[in-house]
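Structural overview
Next come the chains, spelled out residue by residue.
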2 protein chains.
Amino acid sequence: MDKKVLENLELLQKRLNVCKAVANAKRLQILDLMRDGEICVCDITSAVDLEQSNVSQHLTVLKNAGILTSRRNGQHVLYKVRNEKIFDFMDALDALLLEELETASKLLKGLQ
Amino acid sequence: MDKKVLENLELLQKRLNVCKAVANAKRLQILDLMRDGEICVCDITSAVDLEQSNVSQHLTVLKNAGILTSRRNGQHVLYKVRNEKIFDFMDALDALLLEELETASKLLKGLQ
DNA sequence: TTCATATATTATAATATTCTAATTATTCAA
DNA sequence: TTGAATAATTAGAATATTATAATATATGAA
């Protein structure tokens, strides 16, 4: 990892933008829905229990952060992740959390 | 990755907690300061250009999210990450952003 | 004990985020 | 073209987050 590049202010801002974009329960859920590929706004709306307008707002946040792209197909608009590496990012978080769960579980066993 | 586990509500909440905890410019900066290991509150304060009380608040957020631990050493309190995998998480984000930068750079070259 | 240094806590004002409701825009089919 | 379905935009109220200022707590040295 090139530290010089990471000190680039614009990149730091993008790092923050992505973190802020995913720091919301509904948007995390929406991102998970995209692991299987493109999905239309109406399918997202029925999956996440939010008003359509609110889903659209969340999608805009994710798109503005550079995480999603969209294309129209007839009446529908399909969204997908711009770069699959966003899932590596999410998976790295899950790996951390799962390790912590295992550590806690082992501690509990030790107490038995 | 075990999807069943990830559907665990508590884990989803922890995922959100971590995302929210890192979704702040100063806290991202504080986390970076910990890549070299333990660091005391006073050194963090002088590094990040914030009031001491505010630094303490940010550290509390990171600690409550399970990201940091602390120990007292005399007058000083030293903080460090609980699990180094938090850096894998951050590095995965940087990898995504750097790839996007490269893609953009190649596109620009193509236009020349 | 008393003082100086380091850290934490609390209240509050300023700002940002989120959801709802209403409206607007876009597409397709009748 | 009109209407129905899908999606986006806007305004707002409610809530959450942030920084500041003031205060409290904890430690070590004198």
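Scroll up to find the structure.
Just so it is clear, the structure is predicted and the values come from calculations on it, not from any experiment. Throughout this document, residue positions are counted from 1 along each chain, in the order its sequence is written. Following the order in which they are written, the chains are lettered starting with A and the ligands numbered starting with 1. Whole-chain, interface and lining totals are the exception, using all residues; otherwise, since this is a predicted model, local features are given only for residues with pLDDT of at least 70 and side-chain atom pairs are given and counted only at 80 or more. Calculated side-chain values reflect all of the structure's heavy atoms, with hydrogen atoms and water omitted.

1. Some thoughts on the environment of Asn24 of chain B
For the record, the criterion: What counts as a helix is a DSSP run of H or I of at least four residues, what counts as a strand is a run of E of at least two, and both are numbered from the N terminus. Contact definition: two residues touch when any of their heavy atoms are within 4.5 Å.
Checked against the element boundaries, Asn24 of chain B lands in the loop between helix H2 (9-22) and helix H3 (25-33). On a C-alpha basis, the gap between Asn24 of chain B and Thr69 of chain B in space is 19 Å, while along the polypeptide they are 45 residues apart. Beyond its immediate chain neighbours, meaning those up to four positions away, Asn24 of chain B contacts Leu16 of chain A together with His58 of chain B.

2. Structural notes on the pairing of strand S3 (residues 76-81) of chain B
Residues and elements named next belong to chain B. Counted only if it meets this: Two strands make a pair as long as DSSP finds a minimum of two bridges between them.
Relative to S3, strand S1 (residues 39-40) runs antiparallel, the two sharing two bridges. Paired with Cys40 across the bridge in S3 is Leu78. Hairpin remark: strand S2 (residues 68-73) followed by S3, antiparallel, with two residues in the connecting loop; positive phi at Gly74, about 65 degrees.

3. With respect to the interface of chain A and chain B
Put simply, the rule reads: When two parts are put together, the accessible area they lose, computed with a 1.4 Å probe and summed over both, is reported as buried area. When a carboxyl oxygen of Asp or Glu lies within 4 Å of a side-chain nitrogen of Lys or Arg, that pair is called a salt bridge. Residues adjacent in sequence count toward polar contacts only when both atoms are side-chain atoms; beyond that, a polar contact is any pair of N or O atoms within 3.5 Å, and within protein one must be able to donate a hydrogen and the other to accept it.
Contact residues are listed per partner, giving 35 residues for chain A and 35 residues for chain B. Of the roughly 3300 Å² buried at the junction of chain A and chain B (both faces included), carbon and sulfur atoms supply 72%. Our count for the contact surface shared by chain A and chain B stands at six salt bridges. With its nearest N and O atoms 2.7 Å apart, the salt bridge here joins Arg15 of chain B to Asp32 of chain A. Inspection of the chain A/chain B interface yields eight residue pairs in polar contact (both at pLDDT 80 or more). Among the secondary structure elements, those contributing two or more residues to the side of chain A that touches chain B are helix H1 (3-6), helix H2 (9-22), helix H3 (25-33) and helix H6 (85-111) of chain A.

4. Describing the pairing of S2 of chain B
Inspection of the sheet shows S2 of chain B paired to S3 of chain B by six bridges, in the antiparallel sense. The partner of Asn73 of chain B across the bridge, within S3 of chain B, is His76 of chain B.

5. Remarks on unusual backbone geometry
Its identity is not glycine, yet Asp49 of chain A carries a phi of approximately 60 degrees, on the positive side. In this structure, Asp49 of chain A sits in the loop between helix H4 (41-48) and helix H5 (52-64).

6. Looking at the protein's contact with DNA strand D
Going by this rule: In this text, near means that some heavy atom of the residue lies within 4 Å of the molecule or strand in question. Classification used: nonpolar for Ala, Val, Leu, Ile, Met, Phe, Trp, Tyr, Cys and Pro, charged for Asp, Glu, Lys and Arg, polar for all others including Gly.
In the vicinity of DNA strand D there are 22 residues, among which Cys42, Ser53, Gln57 and Tyr79 of chain A together with His58 of chain B approach most closely. The sugar-phosphate backbone supplies 64% of the atoms of DNA strand D found within 4 Å of the protein. Note that a phosphate oxygen of DNA strand D is positioned 3.2 Å from one of the backbone N or O atoms of Val77 of chain A. Measuring from a phosphate oxygen of DNA strand D, one finds a side-chain N or O atom of Tyr79 of chain A at 2.8 Å. Going through the elements one at a time, H4, H5 and strand S3 (76-81) of chain A together with helix H5 (52-64) of chain B are the ones with two or more residues in the surface near DNA strand D. Partitioned by chemical class, the residues of the surface near DNA strand D number five nonpolar, 13 polar and four charged.

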